[in-house]
Amino acid sequence: MSSADVTVPFRSWSAERAAAWIRVPARDDHKYTRGVLGVVSGSRRYPGAAVLGVEAALHTGLGMVRYLGPRTVGDAVLARRPEAVTSDGRVQAWLLGSGQDPADRGKATARRLDAAIADGRPLVVDAGALDLLPRASAPVVMTPHHGELSALLGSRGIDAPREAIDADPDGWARAAARELGAAVLLKGPVTWAAAPGGELLRIAGGPAWLGTAGAGDALAGVLGALLAGHGDRVLDDPTALAPIAATASWVHTRAAELASAANGGGPFTILGLVERLPHAVGELAALGR
Ligand SMILES: NC(=O)C1=CN([C@@H]2O[C@H](COP(=O)(O)OP(=O)(O)OC[C@H]3O[C@@H](n4cnc5c(N)ncnc54)[C@H](OP(=O)(O)O)[C@@H]3O)[C@@H](O)[C@H]2O)[C@@H](O)CC1
Ligand SMILES: Nc1ncnc2c1ncn2[C@@H]1O[C@H](COP(=O)(O)OP(=O)(O)O)[C@@H](O)[C@H]1O
C-alpha cells in the first residue's frame with residue numbers, strides 16, 4: 001500500500017473553526033454535565049507522563065478527571081493536582097497509554113485498560129496503548145508521532161518507513177485512518193487530523209521549542225478534556241473526532257506560542273505550556289461568543 005493513491009485535499013484549521021468546539025459551561029452545568037475524563041496512563045518508569053496529561057486536561061477545562069493507575073503514580077498526580085479523583089466511576093471519555101510501554105505492562109494496568117476499552121465510551125489512544133486499537137469498538141482517536149505510526153502500521157503488515165511518513169505526513173494520516181478504521185492525530189512539526197471517510201485537517205505547527213519530552217503527553221490531556229465534553233456527540237457522529245482533535249492541537253500550539261512569548265521567544269517547560277492552556281481556551285471561547 002502507498003499513502004498517496006490520490007492527491008489529498010485538506011482544510012487548514014483556524015481559530016474560528018476551533019472556537020466551535022470549545023464548550024463554555026452554561027449556568028445550569030455542573031461537573032458531571034461538563035464531562036468526566038477517565039485516565040489510564042503513566043507507569044513506574046514514566047510517572048511524569050500521567051502528571052502532565054492530568055495537568056493539561058484540568059487546565060483545558062472539564063468537569064472531572066478520574067486517574068486510575070499504579071499507586072505511586074496516583075500519588076504523584078495527587079501531589080500536583082488534588083482536584084484529580086482516583087476512584088472508579090462514570091466517565092464520558094477515556095485517555096489511555098501515555099507514559100506506558102506494552103512490553104512492561106503489568107496485570108493491573110492491563111485490567112484497567114481492558115475495562116476502559118470495554119466501557120464503550122470514546123477513547124484517546126496514545127503511546128503505549130496503540131497496540132490495543134483492534135480491541136476498541138467505540139469511536140477512537142489515536143495520537144501517534146511519526147515513529148509510532150510507522151511501528152503501528154508495520155505491526156499490521158503495512159510497510160510505512162518513518163522516512164516515508166516524514167515526507168508525506170498528510171497522505172499517511174489519511175491512509176492510517178482508512179486502514180485502521182479510527183481517527184488519527186498525527187503529530188509532527190505540522191500536525192494532521194483525519195477520520196475514516198472524513199476530512200483531512202492541517203494544524204499549523206507551533207514553535208520548534210515544542211520538540212521536548214512530555215509535549216505529546218500534554219496534548220493527549222488537552223484532547224481528552226475536549227473529548228469528555230463532547231462524548232455523547234461523538235458516539236452519535238464519530239466524524240466529529242477529527243475537528244475535536246484538530247482543536248486540541250490548535251489549543252496546544254497556541255499555549256506553546258504564549259509560553260514562548262512569555263520567555264522572550266525562548267524555550268519553555270511543558271508545565272509552562274500547561275499554565276497557558278486556560279488563556280488559549282479563553283481566546284477561543286471569546287471568539288465563539
Ligand atoms: N516525562 C515522561 O514521563 C515522558 C514519558 N514519555 C513516554 O515515553 C514512552 C516512549 O515515548 P517515545 O516517544 O520516547 O517513544 P520511543 O519508543 O522512544 O519512540 C519510538 C521511535 O520513534 C521515533 N520518534 C520518537 N519521537 C518522535 C517524534 N516526535 N517524531 C518522529 N519520530 C519520533 C524514534 O525513532 P528514531 O528517531 O530513533 O529513529 C524512536 O526511537 C511513551 O509512553 C511516552 O508517553 C515521553 O512522552 C517523554 C516524557
Ligand atoms: N519541530 C517541531 N515543531 C513544532 N512542534 C513540534 C516539533 N517537534 C515536535 N513537535 C510537537 O511536540 C509534540 C511531541 O509529541 P511526542 O513526540 O508524543 O512527544 P512526547 O512523547 O515526548 O510527549 C507534538 O505535539 C508535536 O507536534
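The name given to the protein chain in an unreviewed UniProt entry is ADP-dependent (S)-NAD(P)H-hydrate dehydratase, with the source organism recorded as Arenivirga flava. The Sequence similarities (unreviewed entry) comment attached to the protein chain in UniProt states, word for word, "Belongs to the NnrD/CARKD family."

Neighbouring ligand 2 are 18 residues, the closest being Lys-187, Gly-188, Gly-214, Gly-216 and Asp-217. For ligand 2, an oxygen atom lies 3.4 Å from a polar atom in the backbone of Ala-215. Here ligand 2, which alone exposes 580 Å², has 76% of that area covered by the protein. By residue number, the principal contributor to the shell around ligand 2 is helix 9 (residues 215-229), which donates 4 residues. Of the residues that constitute the shell around ligand 2, the class distribution is 7 nonpolar, 9 polar and 2 charged.

In the region of ligand 1, 14 residues are neighbours, and Ala-49, Gly-99, His-145, Arg-162 and Asp-217 sit closest. The contact in question runs from an oxygen atom of ligand 1 to an N or O atom on the backbone of Gln-100, over 3.0 Å. The contact in question runs from a nitrogen atom of ligand 1 to an N or O atom on the backbone of Gly-147, over 3.3 Å. When the free accessible area of ligand 1 is taken as 890 Å², the share hidden by the protein chains comes to 49%. Contributing elements (two or more residues each) for the shell around ligand 1: helix 3 (47-60) and helix 6 (146-155).

Reading the values: rules and limits
Residues numbered from 1 in each chain as written. Chains lettered and ligands numbered in written order. Predicted model: local features only at pLDDT ≥ 70, side-chain atom pairs only at ≥ 80, totals over all residues. Heavy atoms only, no water. UniProt positions renumbered as here; feature names shortened; annotations may be inferred. Near = heavy atom within 4 Å. Polar contact = N/O pair within 3.5 Å; in protein donor to acceptor, adjacent residues only side chain to side chain. Areas by Shrake-Rupley, 256 points an atom, 1.4 Å probe, with all protein chains shown as cover. Helix = DSSP H or I, 4+ residues; strand = E, 2+ residues; numbered from the N terminus. Nonpolar A, V, L, I, M, F, W, Y, C, P; charged D, E, K, R; others polar.

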